[in-house]
Amino acid sequence: MIKRYMTERNIIHEVEEFQPGVWVALTAPTAEESGLVAETYGIDPADVRAALDDEESSRVDVSNDYSLILFDIPTIEYRHKREAYTTIPLGLILVDDTLITVCGEETPVLEAFTKNLVKEFSTKKQVRFIYQIFWRTCLLYQSYLRIVDRRRKEIEEHIGSDTEEADLIDLHELESNLVYFDTSLRANKVVFERMVRYSRIKKYPEDQELLEDVVVENQQAIEMTRIYRDIIKGTRELFSSVSDNRLNTAMKYLASITIVMAIPTIISGIYGMNVEEKWMPLSDTPFGFGIICLIILLICIAAIRILRRRKML
């Protein structure tokens, strides 16, 4: 899908023609649409479709005719019937006075511009436009990271009460999300730092501060990812400790019951031996059976008290 936008008096609107100062937005373009844009602006078709490959690495390529910037943006997907986060490439092609964006799907990063949610935005200021896209990407990363941390806190509330296997699976999914984020953010860091150093992409003094803020916000997102990963790792270890403790408690409880139940079993087994009655204590005593039962009960009570004192029951 091809859409062309242009801003007039800080209001963005869609146009029908390729013209100077236009923003060309390609969203999951077909081969024909990619070829049309490549032919119109003299771009290598492989560069136009580079962002459609999920395995494409982040990079900056500057030639005499145009500049290609590839970096990763966060997006939502569904894994195992659960909402999860991953990253996809976003391509920016700066050619003459036109900015071309290429992405495999609709993204909130670009929707903020099409819905006039970004202040001081103009399609005619392409370099500043690029920095603003970087800025929105960093903000989206941080927003999703806060959601991940909030979900982690919800899972922690179940620890010690009704912990289920689903909580462990959700915790693993959150950790997987952070792995994707960490890899992409570090790759983006290289791209942003190269943008600071590159002199072949024209920079304006009033935009330099925005680019520096982008580098700072991206580094903050990296730190947030690292901290949240460490916290989730600790939460997972806590889950394991709680599960082991519950297992140990159950095993101690079952062992204590076995010990108490073994007392009457042993005594009744002895009295069930095939020997002469005169050798069996209390065999000729009136109410001997009741006395033996009382002795067994007293021994069991004593065993229970000893086990409780040792915190086995």
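Residues numbered from 1 in each chain as written. Predicted model: local features only at pLDDT ≥ 70, side-chain atom pairs only at ≥ 80, totals over all residues. Heavy atoms only, no water.

## Observations concerning the packing of helix α6 (residues 205–271) against helix α7 (residues 288–309)
Working step 1: In contact at an axis separation of 10 Å, α6 and α7 are set at 155° when each is read in the N-to-C sense. The angle between α6 and α7 falls in the class roughly antiparallel. For α6 against α7, the interelement crossing comes out right-handed. Together, Ser-256, Ile-259, Val-260, Ile-263, Pro-264, Ile-267 and Tyr-271 of α6 and Ile-292, Ile-296, Ile-299, Cys-300, Ala-303, Ile-304 and Leu-307 of α7 make up the contact between the two elements.
Working step 2: Of the residues assigned to the contact of α6 with α7, the class counts are 13 nonpolar, 1 polar and no charged. (Axes fitted to C-alpha atoms, helices over the stretch in contact; angles between N-to-C directions. Helix = DSSP H or I, 4+ residues; strand = E, 2+ residues; numbered from the N terminus. Parallel < 35°, antiparallel > 145°, perpendicular 65-115°, else oblique. Left-handed = near helix turned anticlockwise from the far one by under 90°. Contact = heavy atoms within 4.5 Å. Nonpolar A, V, L, I, M, F, W, Y, C, P; charged D, E, K, R; others polar.)

## Details of the UniProt feature "transmembrane region" (unreviewed entry) in the chain
Working step 1: The residues that UniProt annotates with the feature "transmembrane region" (unreviewed entry) are residues 253–273 and 285–307.
Working step 2: The annotated region residues 285–307 carries 87% helix and 0% strand content, and the separation between its end C-alpha atoms amounts to 32 Å. (UniProt positions renumbered as here; feature names shortened; annotations may be inferred.)

## A few points about the nonpolar core
Working step 1: Within the largest apolar cluster, 54 residues are counted, with the highest numbers of intra-cluster contacts made by Trp-23, Ile-69, Leu-92, Ile-130, Ile-133, Phe-134 and Met-195.
Working step 2: Apart from residues lying up to four places away in sequence, Phe-134 is in contact with Ile-69, Phe-71, Leu-92, Phe-192, Met-195, Leu-211 and Val-214.
Working step 3: In this structure, Ile-2, Leu-26, Ala-50 and Val-102 belong to the second largest nonpolar core, which totals 20 residues. (Core = buried A, V, L, I, M, F, W, Y, C linked by side-chain atoms within 4.5 Å. Buried < 20%, exposed > 50% of the residue type's maximum accessible area, 1.4 Å probe, protein only.)

## Some thoughts on the side chain of Ser-184
Working step 1: In this structure, Ser-184 sits in helix α5 (residues 165–197).
Working step 2: Here Thr-87 takes part through its side chain, which lies 2.7 Å from a polar atom of the side chain of Ser-184.
Working step 3: If sequence neighbours within four positions are ignored, Ser-184 has contacts with Asp-72, Thr-87 and Tyr-141. (Polar contact = N/O pair within 3.5 Å; in protein donor to acceptor, adjacent residues only side chain to side chain.)

## Digging into the packing of aromatic side chains
Working step 1: All chains considered together, the criterion is met by 14 aromatic pairs.
Working step 2: When the centroid spacing of 5.0 Å and the interplanar angle of 85° are considered together, the rings of Trp-23 and Phe-129 count as edge-to-face. Placement of the pair is Trp-23 in strand β3 (residues 23–27) and Phe-129 in helix α4 (residues 126–156), with a sequence separation of 106 residues.
Working step 3: The class for Trp-23 is buried, based on a relative accessible area of 1%.
Working step 4: With a centroid separation of 5.3 Å and 85° between ring planes, the pair formed by Tyr-141 and Phe-181 is classed as edge-to-face. Residue Tyr-141 is found in helix α4, and its partner Phe-181 is found in helix α5; the two are separated by 40 residues along the sequence.
Working step 5: The class of Tyr-141 is buried, set by a relative accessible area of 0%.
Working step 6: Taken together, Tyr-5, Trp-23, Phe-113, Phe-121 and Phe-129 form an aromatic cluster joined through their ring pairs. (Phe/Tyr/Trp six-rings, centres within 6.5 Å; stacked < 30°, edge-to-face > 60°.)

## Concerning α6
Working step 1: Taking 1.5 Å of rise per residue, 67 residues should cover 99 Å, and α6 covers 101 Å from first to last C-alpha, within 8% of that figure.
Working step 2: Of all the bends in α6, the greatest, near 25°, is centred on Ala-262, and the proline Pro-264 appears no more than four residues after it. (Expected span 1.5 Å × (residues − 1). Bend = angle between axes of the 7 residues up to and from the residue.)

## Things to note about the state of the cysteines
Working step 1: By the definition in use, this model includes 0 disulfides.
Working step 2: No disulfide involves Cys-300; its sulfur sits 11 Å from the nearest other cysteine sulfur, which is in Cys-293.
Working step 3: On the accessibility criterion, Cys-300 (11% relative accessible area) is buried. (Disulfide = S-S within 2.5 Å.)

## As for the pairing of strand β4 (residues 59–62)
Working step 1: Across 4 bridges, β4 lies against strand β5 (residues 67–79) in antiparallel orientation. Within β5, the residue paired with Val-60 across the bridge is Ile-69.
Working step 2: Count of turn residues in the β4/β5 antiparallel hairpin: 4 residues. (Pairing = 2+ DSSP bridges.)

## Description of the packing of α4 against α6
Working step 1: Across the interface, α4 lies against α6 with an axial gap of 9 Å and an inter-helix angle of 15°. In this view, α4 runs roughly parallel relative to α6, as classed from their interaxial angle. When the axes of α4 and α6 are compared, the crossing they make is left-handed.
Working step 2: Taken together, the residues of the contact of α4 with α6 sort by class into 17 nonpolar, 6 polar and 9 charged.

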